[in-house]
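Architecture and fold: a report
What follows is each chain in one-letter form.
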Amino acid sequence: MRVAAMEVPILGSDSIKWIDLTVPSSLNHIDNGTDNVAAAFAPPTVDSASATYFDGDSPFYLIWRIHKTQPNALEIFKLSQEFPHNTGLRLSFSHPLSPFAFISASPTNSHYLLYSVTISGIAYFIKLSKDLASIFSRDELIELDVRADSSTNEPINCIAANPGCLLLGRNDGSVTCFQLGLLHQTALGFVYELRDDSVGRLWGFMSRGRVVGAVQDLIITEMHGKKIVFVLHRDGIVRAWDLSSRSRILSHAMAVPTSVEGAKSTRLWLGEFNNNSNIVPLAILYKSTLEVGMEVIYVYSICYGMGDRMILSVDSSSVKNFPLDEGGCIDVKLTSDKIWILKDNGLAYHHFFQRSSTMKEARCYALQEEFIAEQLFQSSEHTSDDLISITRSIFSSEKDRIVPFVSSIFLHRLLHPGVYHNIVLRATLLDYSKHWTDNEFQLLTVDGLKTEILSLVENESVAESPISIFQGWKNFCCRYFEYWCKNNSPYALIVQSTSGAVGLIRKHSVSLFRSLENTELLIDGLSEDLGDLVSFGLDLFDDNSDRTILFEVLRCVINISQQLGKTASFIFYESFVGGQIISSKEIIPRLVKILETGYGSSTRIRHVSGLGDDVAWEREQIDHKNLRRFSIDMLLSLHDLCKKAASWRKVLDVIESYLQFLVPQKFTQNSGAETLFCLNNSILVQASCQIAKVMFESALDILLFVSYLMNIGGQVNMTHGDISRIQVELVPMIEEIISEWLIILFFSTTPSESPAIEDFSSQLSLLQIDNKINKRSWREKLGKCDFTLASLLLLNNQSFSGHEKRLSLGCLPNPHDVISSVQKFTSCIVWGNTGEVSSSFLRRSTELAIVLLRHGQYDAVEYLLTTVEANARGERIFRSIQDTSGDWCLLQHLLGCCLVAQTQHGLHGILKGRKVCEAVSCFFRAASGEGASQALQGLSDEAGLAYLGFNGHVSAAWKLHYYQWAMQLFEQFNISEGACQFALAALEQVDGLNLGGDGYERDQSYESATTIKGRLWANIFKLTLDLNLLNDAYCAIISNPDEESKYICLRRFIIVLYECGAIKILCNGQLPFIGLADKIEQELAWKAERTDISAKPNPYKLLYAFEMRRHNWRRAANYIYLYSARLRTDSVLKDQQHMSITLQERLNALSAAVNALYLVHPAYAWIDPLPEGHPLLNEHYPRKKAKKTVKEQSGNDVQAQGLQFCIDIEKLEYEFVLTSAEYLLSLANVNWTYSGIQKAPSDLVELLVQTNLYDMAFNVLLKFWKDSELKRELEKIFSAISLKCCPGTISSSWTGVHNLLLTSSKDELVVHGSPDMEPTNQQTKTNYHWQILEHYLEKYKYFHTRLPLIVAETLLCTDPQIDLPLWLVKMFKESQRERSWGMTDPEPSPASLFRLYVDYGRYAEATNLFLEYVEAFASTRPVDIINRKRPSASWFPYNALERLWCQLEELINSGHMVDQCDKLKRLLHGALINHLKQLKVDSDDAVSSAG
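Structure report, in brief. (Residues numbered from 1 in each chain as written. Predicted model: local features only at pLDDT ≥ 70, side-chain atom pairs only at ≥ 80, totals over all residues. Heavy atoms only, no water.)

Overview of the overall build of the protein chain
Within the protein chain one finds 50 helices and 31 strands. Among the 1491 residues that make up the protein chain, the fraction classed as buried is 54%. Of the contacts made within the protein chain by residues no fewer than 6 positions apart, 64% connect residues no fewer than 24 positions apart. (Helix = DSSP H or I, 4+ residues; strand = E, 2+ residues; numbered from the N terminus. Buried < 20%, exposed > 50% of the residue type's maximum accessible area, 1.4 Å probe, protein only. Contact = heavy atoms within 4.5 Å.)

Let's talk about the sheet that holds strand β21 (residues 295–305)
Taken in spatial order, the 4 strands line up as β19-β20-β21-β22 in an open sheet, and their pairing is antiparallel. Strands with a single pairing partner mark the edges of an open sheet, and in this sheet they are β19 (263–270) and β22 (311–324). In this sheet, adjacent strand axes meet at a mean angle of 25° when their direction is disregarded. (Pairing = 2+ DSSP bridges. Axes fitted to C-alpha atoms, helices over the stretch in contact; angles between N-to-C directions.)

Examining the packing of aromatic side chains
Under the defined criterion, the tally for this structure stands at 54 aromatic pairs. With 6.4 Å between their ring centres and 10° between their planes, Tyr1336 and Tyr1340 make a pair best called stacked. Residue Tyr1336 and its partner Tyr1340 are both found in helix α43 (residues 1322–1340); the two are separated by 4 residues, about one turn of the helix. When sorted by exposure, Tyr1336 lands in the same class as Tyr1340, which is buried. Linked through ring pairs, Phe923, Phe924, Trp958, Tyr962, Tyr963, Trp965, Phe970 and Phe982 together constitute an aromatic cluster. (Phe/Tyr/Trp six-rings, centres within 6.5 Å; stacked < 30°, edge-to-face > 60°.)

Brief notes about helix α38 (residues 1209–1227)
The end-to-end C-alpha distance of α38, which contains 19 residues, comes to 27 Å, matching closely the 27 Å that a straight helix rising 1.5 Å per residue would cover. By the criterion of burial, α38 is predominantly enclosed, with 15 of the 19 residues buried. Asn1229 sits one or two positions beyond α38 and adopts a positive phi of about 65°. (Expected span 1.5 Å × (residues − 1).)

A look at the packing of helix α30 (residues 976–993) against helix α31 (residues 1009–1026)
Close contact between α30 and α31 brings their axes to 9 Å; oriented N to C, the two are set at 160°. The angle between the axes of α30 and α31 places the two elements in the roughly antiparallel class. Seen from above, α30 lies across α31 with left-handed handedness. Counted together, Ser976, Ala979, Cys980, Ala983, Leu984, Ala986, Leu987, Val990 and Asp991 of α30 and Ala1009, Ile1012, Lys1013, Leu1016, Trp1017, Ile1020, Leu1023, Thr1024 and Asp1026 of α31 form the full contact between these two elements. (Parallel < 35°, antiparallel > 145°, perpendicular 65-115°, else oblique. Left-handed = near helix turned anticlockwise from the far one by under 90°.)

Side note on unusual backbone geometry
The phi dihedral of Ser433 falls on the positive side, at around 60°, and the residue is not glycine. Mapping Ser433 onto the fold places it in the loop between α5 (422–430) and α6 (438–443). Here the phi dihedral of Asp1267 falls at roughly 55°; this positive angle occurs in a residue that is not glycine. Tracing the sequence through the fold places Asp1267 in helix α41 (residues 1267–1284).

Brief notes about the packing of helix α29 (residues 958–972) against α30
Between α29 and α30, whose axes approach to 8 Å, the crossing angle comes to 165°. Relative to α30, the element α29 lies roughly antiparallel. Every pair of crossing elements has a handedness; the one defined by α29 and α30 is left-handed. Along the contact surface, α29 presents Lys959, Leu960, Tyr963, Gln964, Ala966, Met967, Phe970 and Glu971, while α30 presents Gly978, Ala979, Phe982, Ala983, Ala985, Ala986, Gln989, Val990 and Leu993. Looking at the contact of α29 with α30, its residues break down into 12 nonpolar, 3 polar and 2 charged. (Nonpolar A, V, L, I, M, F, W, Y, C, P; charged D, E, K, R; others polar.)

Here we look at the pattern of salt bridges
One pass over the structure, following the stated rule, counts 42 salt bridges. Residue Arg844 pairs with Glu847 through a salt bridge whose shortest N-O separation is 2.7 Å. Taken as a pair, Arg844 and Glu847 lie in helix α23 (residues 842–854) at a separation of 3 residues, close to a single helical turn. On the basis of relative accessible area, Arg844 is assigned to the buried category, the value being 13%. Glu847 gets classed as partly exposed once you look at its relative accessible area, which sits at 34%. For Lys915, the salt bridge is made with Glu862, and the minimal N-O distance between the two is 2.7 Å. Taken as a pair, Lys915 in helix α27 (residues 909–928) and Glu862 in helix α24 (residues 858–874) lie far apart in primary sequence, 53 residues in all. Both residues of the pair, Lys915 and Glu862, belong to the buried class. Through salt bridges with shared partners, a single ionic network connects Asp20, Arg65, Glu75 and Arg90. (Salt bridge = Lys/Arg side-chain N within 4 Å of Asp/Glu carboxyl O.)

Digging into the pairing of strand β17 (residues 237–242)
Taking burial as the measure, the 6 residues of β17 include 6 buried ones, the bulk of the element. In this sheet, β17 lies alongside strand β16 (residues 226–233) in antiparallel orientation, the contact comprising 5 bridges. Considered in β17, the bridge of Ile228 is made with Asp242. Hairpin connection, β16 to β17: the antiparallel pair is bridged by 3 residues, and Gly236 has positive phi, about 90°. Where β17 and strand β18 (residues 247–253) come together, 6 bridges link them in antiparallel fashion. Looking at β18, one finds that Arg239 is bridged to Ser251. Taking the residues that link successive antiparallel strands as the turn, the β17-β18 hairpin has 4 residues, and the phi of Arg246 there is positive, at about 55°.

Structural notes on the nonpolar core
If you look at the biggest cluster of nonpolar residues, it comprises 265 residues, and the most contacted ones within it are Phe705, Phe747 and Leu1066. Per element, the largest residue contribution to this core is 19 residues, and it comes from helix α17 (residues 681–711). Sequence-distant contacts of Phe747, defined by excluding residues within four places in its chain, comprise Thr788, Leu789, Ala790, Leu793, Ile829, Leu848, Leu852 and Leu864. (Core = buried A, V, L, I, M, F, W, Y, C linked by side-chain atoms within 4.5 Å.)

A short note on the side chain of His416
Considering the arrangement of structural elements, one finds His416 in the loop between α4 (402–414) and α5. Those residues in contact with His416 that sit more than four places away from it in its chain are Phe371, Gln375, Cys689 and Thr749.

Focus on the sheet that holds strand β9 (residues 122–129)
Strand order in this open sheet of 4 strands is β7-β8-β9-β10, and the pairing throughout is antiparallel. Two strands lie at the open edges of the sheet, namely β7 (97–105) and β10 (142–145), each paired on one side alone. Strand-to-strand, the axes of this sheet are offset by a mean angle of 15°, without reference to chain direction. Here 4 bridges tie β9 to β10, and the two strands are oriented antiparallel to one another. Within β10, the residue paired with Phe125 across the bridge is Ile142.

Printed below as a string of structure tokens:
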């Protein structure tokens, strides 16, 4: 059976947005206990649907559907040109529905009337609003319990309705009529019955017994203004009733078909009335009760005549029968002369009045199942295996590229328009335990779906090998196909006789049928007979020999196509539109190699999935046999072809002529676009996709044929000239045809990109769509599989047309009109609407690119333009196009804009960098071509591109403006590297134009060259700074000829360096300052004054380093001292811990300042004073006359420096010492603030001693006190230290007075009165203080000799009974080591110690000390006797001895310590007697020696 039409699904009809309403019911008294009885009262729920046509200015269909899986729901939606963008209504009833509904318009056309019946016998009459969004009037909703109004309990077998009338066919053969919606239920005549024996009888009369068979089906129709009811009874009798008179007008027993054993009539259909012949066709379906699947349809001619009353009769001589060999009948539609039979496995079409009713006259309509099976490799057993075999042969040396390539093929097939189905995909994904809510699934874009599907398939695969992944895809597609068939089962047909349109209502979609394109008819005709070329549109040949040659060529082409199968076209398409896995140029040679040598030695054996070794080996042998058979057949066919044509030149001429048949037709009339708008966009897009696919495959087969012919040319006696002609002329021509159809196919199948969030408002404002189309629905469609690029092109044409035309014959297009519209649409894509003659597709591609760019379809623009560019490069006219046509420049410009926009859509890293580089190259190429200025300035504002703004400049200057525009474009998208390149290029143009300093001579409004350069260098500076190219940014600064701009950039440069932590680059000598050093210093100083002192890096430190690098040490000291001063003033509110850090910073700053000044000549070693009004100026440094830094040469000379207010090294050192003291005190949690005084306060030293900071205390003393003041302060310190050695006085004398906060280390903070600030053991603490006293006394006794005496006196004064440490006593005695003849010596001396003993009542120690030295005096060595006898050589503290003697006597006299004192007195007396005697002898010796 030859194919006459092909199904075209309306894309998106599976995604209708339903408005759910619940129908209220007041008859819920039918409880569950009677469900079985109720279910048997009316026909049970089955899958069913129907459509009602509404004529008018905007005709449409209302379609209702009932699903067996949802028996309580009735779906109603409108089929119009806006479908599926409108919404649908889903009514929910309280009981399951019978497979019936009737919808009509109200008499006032203000609402719709709906009749429906539940299986429990409740009839509903509902008024629906015109927008199908609500129930028009709930108060007027009528519920009718038909059982309550019946005189019999006979169940209902079938239902029909007409406005104001509901008909119920019963099992007893009667037909009950309810005038529901016309009369009130209580009105007379509301219900009546149609019976043979009771015509017009009311229910009140006695019902007679059954005289006819049960009602199988019934139809109500209008004939010449009368309502006629046709009733089919089970016994084969057909009756007709006139409802106006309630009389029977026909009763005819149809002949039972003898071809079907046990035939039983089940369904009835009525055709359209033919007023010319007064005949209406009537079809009856007969089913066999003995053999399952045996069905036949008989079509009868009902003749009618008009007189006093209508008379009907059956013409038995014109009966037609149509056996249904395979598949059960689902629906039948009849017109006056045609019948369409919808079966499980297809749709058949027959003409009633052909010469024969045989199957040869029949035509079939290809259903979508066949297309889906082909796309998903389900059409034959080995189709999917051929895919992996061919793929592995193509990628024999690149195994790692097989998996992504195969996965991409399957993804494109699954998401192909017409294949993709929301409900089917969700059902398939449920098998993989992937659950989504409705909202989650609706939010998924195409890319999101691809990611989810790919992850599921890969996770299911056992391994990542190509076979494992392939098997996963195979299983997924198999499940998907099963669910598609299950969820898209056919329900009913729609036939519109006025337009010849045929539609199909499926479970979850709606589709129409189109006629076949000539190429499809030709290929289909070749399978049966040669046919007539003119009938296929091939009127290009003058004689029959050319037609014969063409058909022989096409047979060879078909042979090649069958050898490779459909998978070859899938692979080629994927290489053309997929990722850069393999070029389409590489596919053809590899496919031809497969034709010559097969798949390869081991491809089938090892890699065909699911086969054992034996089966795989057997398959390989079959492949080898097929290859041999194919090769032999092709050789024989080609030899025969050459023989018939007499030469290959004739064959090539025929092929070249045939190629004109494959070129997209050109329609130059402007009315062609209007025709497009008459067609539903979804239908047009899908039909274009189908036809483009056929044309592409046909052209591809021709390309494979001629390529194969070139390879075996020597075997078929082809000359070198013939082979060259194929290679030079035919192959480029075929490739161009393929590329054009592939671009059409790409537009028709590629889903649109979802809009970027940041571009939503701009795109919405730019896209002007007709107000009749739901804009919100359109926006939601972007990024979905059912909204392709072709849909955008159609909407764009409609937006410019300003209106939308309608078909005059109805809302559904004629199958031939679909083909015509597709041809015009493809012509619009390839040639445009204007019909201008163009040498190539180049100009039209730029127009399409502008449309796509306006709608944000950047990936599509890139594909389109790169494809056209690649094809143009392959043409011989490429050089002339590039050199003379502005179209090439426009293409490069648009491609650059597209690539720039793509960088803002989630690209990062290397991929983004590659896009930027390509965009830069495109813009440079666009500027380099002839005619670029005129072409680019011709871009309109509505194109969605930024206006270039050349403003009619002279042609020599346009590049400068173009480069500046490109620079701004890259800046707009934050692509600094690209913008920088065009800024540099613009600078070259400025230099090349030689503008001079005053601008263009002919127009004073133009900027000067200096201004332009300054702006461009400033942009380069900004861009390189954004790229973190600091050296390049600085070079841009110093290259800027505009001084004002230069300094602005310099300030920004310093700020950025500071913010990014790279400011040290100014101080490491890498940058040449070239006259900018003072400006840099000024900016750094400005930054320092206005920056928080705690900022890092600190600007004062940077200034210090900057000046030190320049050897400007004095200014370096000045800035670092300012830093110290800022720290001092800003540290008032800081806590103790941060105060320590600040003080440490101050110390570092002061130290750096001192070090810097030491590098300066002493005559100039000072810091300049702060200016008047400076915030750091305080009263710590009062105005005074500075010392002269240069010695006066004479009394009359003028001083070199004069009077200044300055800070010299000495003052800095003073401040350093005091700050150090403050820092150490802060570590000990002791508050003391430096007040800037020139002399340290005495309490500071005391505070340091109290805090045990002895070193610092002595440093302060040595720095600020001299001479006697120093000695006095030393005495105070050691006195204080000595007191700490007396345990009983520490708390009261020091800690109690000052309540000190002491620390155990500089990093550990403690609270007031902490017991851990010193060793806890009292004895240990005492030893610690003694050690400290000994250490510092030993160190500083040379500064003041009386310090040991002060220490001893302090100790004895504090505790007269204390035992002086041995080391302290030794300090008094050390001075006597050189002399042993007395107690005299400079302080400290034994005599002073003796006096202390006497003064503080230490008589025993004093006596022992005196005895020690007296004995030493008496025991002088002989060598020292001469010295001892010199005058005044010995001396003892006699006055102190006298006081000791007196004190002992007083104690004896007072009775205190009598024994001890008496003993001491006797010792002193004896020692003194002996000492005096010795002195007498020495004196005499001295006198005698003198004499």
